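Spelled out from the first residue to the last, the chains are:
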Amino acid sequence: NPEGCTKCFCFGKTTRCEKAYLRPFEVSMMKNLSLHTINVKGGKINVTNWLTDGEILTNETSAFVELGDVDNPELLDGFAYFGMLEYLGNQNNHLTAYGGFLRYTLLYTTDLFGNPQIGPDVILEAKDVRIKHMNYRQPAARQKFDGAVEMIESNFQTLSGAPVSREQFMTILRDLTKIYIRASYFDNGLFTYINDVTLSCADEDPENYNLYKESA
């Protein structure tokens, strides 16, 4: 670890930690997609769920949202987000996602004129707790954007901008209820397409020990 020893955190179960050897899997997050408008101000968040008439999934790995025809004031008061969550096998949490990556591909189109919108690109939700990630590189209109967020605490902040501790981050992964990925980047957006959203998780696989990797 180039940053030195990683602080041990085991939810109070033990004071001695060891490295784990598990097989990594890329888990698709696109089985239960939803749409939301999210407004983050002053460290507080307001989430409005969209009531969609049609299917937003175009196939098992792709989805889209039409932003140009939205005229509901509640849905315009914030940024549009895709919401999602899926589990690996029979796991009931996402603790093994620590140190892995949330990956996605995004493409959006806009009208001729408009203003860019700045806000969280990814939000993790766990019960009543949310944390945010802001990409250094923002997607450009009509250009495919490959997003990759390493799932470690230093890549996230609280909604008020404070650092996230390892304890907070691990607790959120344990209780994760939703991943939000931003869909609107301009105030005159037309369409946004999202593809291949995966989250790296890990589990035992005795038949394929050759695929095991070391994880903290």
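Along each chain, residue indices are assigned from 1 in the same order as the chain's sequence is written. In keeping with the predicted nature of the model, local features appear solely for residues at pLDDT of at least 70, side-chain atom pairs appear and are counted solely at 80 or more, and the whole-chain, interface and lining totals rest on all residues. Heavy atoms throughout the structure, all of them, feed into the side-chain values; hydrogens and water do not.

Visitor: What's the story with the overall build of the protein chain in this structure? I'm lost.
Guide: Helix and strand counts for the protein chain stand at two helices and 14 strands. When a residue's accessible area, from a 1.4 Å probe over protein chains only, is under 20% of the maximum for its type it is buried; when over 50% it is exposed; and in between it is partly exposed. Residues classed as buried in the protein chain amount to 44% of the 216 residues present. Excluding contacts between residues fewer than 6 apart, the proportion of contacts in the protein chain whose partners are at least 24 apart in sequence is 80%. When the accessible surface of the protein chain is totalled, it reaches about 12,500 Å², and 49% of it is carbon and sulfur. Runs of H or I in DSSP of at least four residues are treated as helices and runs of E of at least two as strands, each being numbered from the N terminus. Contacts: residue pairs with any heavy atoms within 4.5 Å of one another. Values of accessible area rely on a 1.4 Å probe in the Shrake-Rupley scheme; residue burial ignores everything except the protein chains shown.

Visitor: Looking at this model, I keep getting lost on the side chain of serine 184. Mind explaining?
Guide: Take serine 184: it is sitting in the loop between β12 (178-182) and β13 (189-203). Polar contacts, as used here, are pairs of N or O atoms within 3.5 Å; protein pairs need one atom able to donate a hydrogen and one able to accept it. Residues neighboring in sequence count only if both atoms are side-chain atoms. In this structure the side chain of serine 184 is engaged in a polar contact, spanning 2.8 Å, whose partner is the backbone nitrogen of alanine 80. Leaving out residues up to four positions away in the same chain, serine 184 has contacts with Leu67, Phe79, Ala80 and Gln117.

Visitor: Please clarify how the environment of tyrosine 185 should be interpreted in this entry.
Guide: Along the chain, the position of tyrosine 185 falls in the loop between β12 and β13. Excluding anything up to four places from it in sequence, tyrosine 185 contacts Leu106, Tyr108, Asn115, Pro116, Gln117, Asp121, Gln138 and Pro139. Polar side-chain contacts of tyrosine 185 include one of 2.9 Å to the side chain of aspartate 121.

Visitor: For this particular structure, what's the right way to read the packing of aromatic side chains?
Guide: For any pair of aromatic rings, the description consists of the separation of the ring centres together with the inter-plane angle of the planes. Whether two aromatic rings pair depends on their centres lying within 6.5 Å, for rings of Phe, Tyr and Trp, where Trp uses its six-membered ring; planes under 30 degrees apart make the pair stacked, over 60 edge-to-face, and the rest tilted. Tallied over the full model, the rule gives nine aromatic pairs. Each ring, one from tyrosine 98 and one from phenylalanine 169, has its centre 6.0 Å from the other, and the planes form 65 degrees; the classification is edge-to-face. On the criterion of sequence distance, the pair formed by tyrosine 98 in the loop between β6 (79-84) and β7 (101-110) and phenylalanine 169 in helix α2 (residues 166-174) is long-range, its members being 71 residues apart. Each member of the pair, tyrosine 98 as well as phenylalanine 169, is classed as buried. Note on phenylalanine 156 and phenylalanine 169: the rings are 5.3 Å apart at their centroids and 35 degrees apart in plane angle, and the pair reads as tilted. Of this pair, phenylalanine 156 sits in the loop between β10 (145-150) and β11 (157-158) while phenylalanine 169 sits in helix α2, and the two are 13 residues apart along the sequence. Judged by relative accessible area, phenylalanine 156 falls into the buried class, the value being 2%.

Visitor: How should the pairing of strand β3 (residues 44-49) be read in this particular structure?
Guide: Along any regular strand the residues' side chains alternate between the sheet's two faces. Taken together, the six bridges between strand β2 (residues 34-41) and β3 define a ladder with antiparallel strand orientation. Residue pairing in the sheet places histidine 36 in a bridge with asparagine 49 of β3. Here β2 hands over to β3 after two residues, with glycine 42 in that stretch at a positive phi of 60 degrees. One requirement defines pairing of two strands: DSSP has to find at least two bridges between them.

Any functional reading would require information that these geometric values do not contain.
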